[in-house]
Each structure stands twice: as structure tokens, then as C-alpha cells.
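The lines below spell out each chain.
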Amino acid sequence: MRKAQLSLDLLFAVTLMTLTVVSLISLATHEVEGARAFDASTRLKVFTIDLRDTVTKVYAAGDGFAVKKTVPFELESGEYVKVTLDNTSNELKVEAEINGGKYTTVQKIPVPLVSNSTVTLTPSNNELWIVCRYNETAGGMDVKVSENP
């Protein structure tokens, strides 16, 4: 009878230890996923702020000035970053799908935008140009995002 009691106690202890280890592994997995999502959103926010500042600098430099920007992180197959300059709201909007999550970040542009422009960045096309041209129709400087200068 004593052997049976010892075996049952041992089985119970092993079961409790197994459940504890499985719970810790699950918690760690969720924390890593949360850290990856935070990392992706933070990198995208920093990229958006950099683009906003670059739009302002290109506008200040004037007609014919262009700057090439590259996504500061590696895009995997199926991922994208869509950059839009919206003259209606005078905003820079960056939408992305990274690591299975969808992110959107918006920045107000401190210079006037004359027209709308959009570029979608992918793993095979991960760079864009911010270009300033004089727009005779609108009568002002026109800053756009473009795939080429």
C-alpha cells in the first residue's frame, strides 16, 4: 500500500510540475509575440516621423530636389508598407502589414501639399523618392512620394 501511495504522490508532483512548465512556456510565447508587435509598430512610427521630416526638408529645398528613402527593416514575402501624402487633410499616412499584424500611423505635414500621392513598398521594391516640383496648375510647390525621382 505504501508503494502505491508513493507512486501516486510522485505522479501528482510530476503532473503539477508539467503544468507549471507548460504555463511558463505559454506566457513566454505570448510575451515574445507582444514584443515583436511592439517592435514593428515602433519601427514604423520612427520611419513615419523620418518621412515627415524629409517631406519638410524637400519642400524647403525647392523645385527639382529629391531624396531617396528605404524601409529601415526587412520586409518578408506578403508584407508591405503603403506611404500616402494626402493634400485634403495635409497628412502623411503610413499603413503596413508586418509580421502578420496591420499597423497605421499618421503625421501632420507642416508644409502645404498640392496633390495626393501614394507608393506601396514591398520586399522587391523597398525604396521610395520624395520629390518636389513646381506645379503650374496649382501655382505652388508640390511634394510627392514617388517610385522614381
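Residues numbered from 1 in each chain as written. Predicted model: local features only at pLDDT ≥ 70, side-chain atom pairs only at ≥ 80, totals over all residues. Heavy atoms only, no water.

### Concerning the pattern of salt bridges
Here is step 1 of the chain: A full pass over the atoms with the stated rule returns 6 salt bridges.
Here is step 2 of the chain: The salt bridge partner of Arg 52 is Asp 53, with a shortest N-O separation of 3.0 Å.
Here is step 3 of the chain: Classification of Arg 52 as partly exposed rests on a relative accessible area of 22%.
Here is step 4 of the chain: Put simply, Lys 102 and Glu 97 hold a salt bridge, and the shortest N to O gap is 3.9 Å.
Here is step 5 of the chain: Residue class for Glu 97 comes out partly exposed when judged on its relative accessible area of 23%. (Salt bridge = Lys/Arg side-chain N within 4 Å of Asp/Glu carboxyl O. Buried < 20%, exposed > 50% of the residue type's maximum accessible area, 1.4 Å probe, protein only.)

### Let's talk about the sheet that holds strand E4 (residues 101-108)
By definition, the strands of a sheet pair up through backbone hydrogen bonds, in either a parallel or an antiparallel sense.
Here is step 1 of the chain: Ordered in space as E4-E3-E2-E5, the 4 strands form an open sheet in which the pairing is antiparallel. Strands at the two margins of the open sheet, each flanked by one partner only, are E4 and strand E5 (117-121). Pairwise comparison of adjacent strand axes, ignoring direction, gives a mean angle of 10 degrees for this sheet.
Here is step 2 of the chain: Here strand E2 (residues 80-86) runs beside E5; their pairing, made up of 5 bridges, is antiparallel. Counted as the bridge partner of Thr 84 is Thr 118 from E5. (Pairing = 2+ DSSP bridges. Helix = DSSP H or I, 4+ residues; strand = E, 2+ residues; numbered from the N terminus. Axes fitted to C-alpha atoms, helices over the stretch in contact; angles between N-to-C directions.)

### Quick word on the nonpolar core
Here is step 1 of the chain: By size, the foremost hydrophobic cluster in this structure holds 27 residues, and its most contacted members are Leu 51, Val 81, Val 83, Leu 85, Leu 121, Leu 128 and Ile 130.
Here is step 2 of the chain: Among the secondary structure elements, those contributing two or more residues to this core are helix H1 (2-61), E2, strand E3 (91-98), E5, strand E6 (127-135) and strand E7 (140-146).
Here is step 3 of the chain: When residues no more than four places from it in sequence are discounted, the contact partners of Leu 51 are Lys 69, Val 83, Leu 92, Val 94, Leu 128 and Ile 130. (Core = buried A, V, L, I, M, F, W, Y, C linked by side-chain atoms within 4.5 Å. Contact = heavy atoms within 4.5 Å.)

### Comments concerning a nonpolar patch on the surface
Here is step 1 of the chain: On the surface, Phe 12, Leu 16 and Leu 19 cluster together into a nonpolar patch covering about 330 Å² of accessible area.
Here is step 2 of the chain: Checked against the element boundaries, Leu 19 lands in helix H1.
Here is step 3 of the chain: When its relative accessible area of 53% is taken as the criterion, Leu 19 is described as exposed. (Patch = residues over 30% accessible without salt bridge, like charges linked within 9 Å, V, L, I, M, F, W, Y side chains within 5 Å. Areas by Shrake-Rupley, 256 points an atom, 1.4 Å probe, with all protein chains shown as cover.)

### Thoughts on the pairing of E6
Here is step 1 of the chain: Sheet topology note: the strand E1 (residues 66-70)/E6 ladder contains 5 bridges and is antiparallel. Paired with Lys 68 across the bridge in E6 is Trp 129.
Here is step 2 of the chain: With 7 bridges joining them, E6 and E7 adopt antiparallel strand pairing. Following the sheet pairing, Cys 132 is matched in E7 by Val 143.
Here is step 3 of the chain: Linkage of E6 to E7, two consecutive antiparallel strands, is achieved through a turn of 4 residues, within which Gly 139 is found at a positive phi near 70 degrees.

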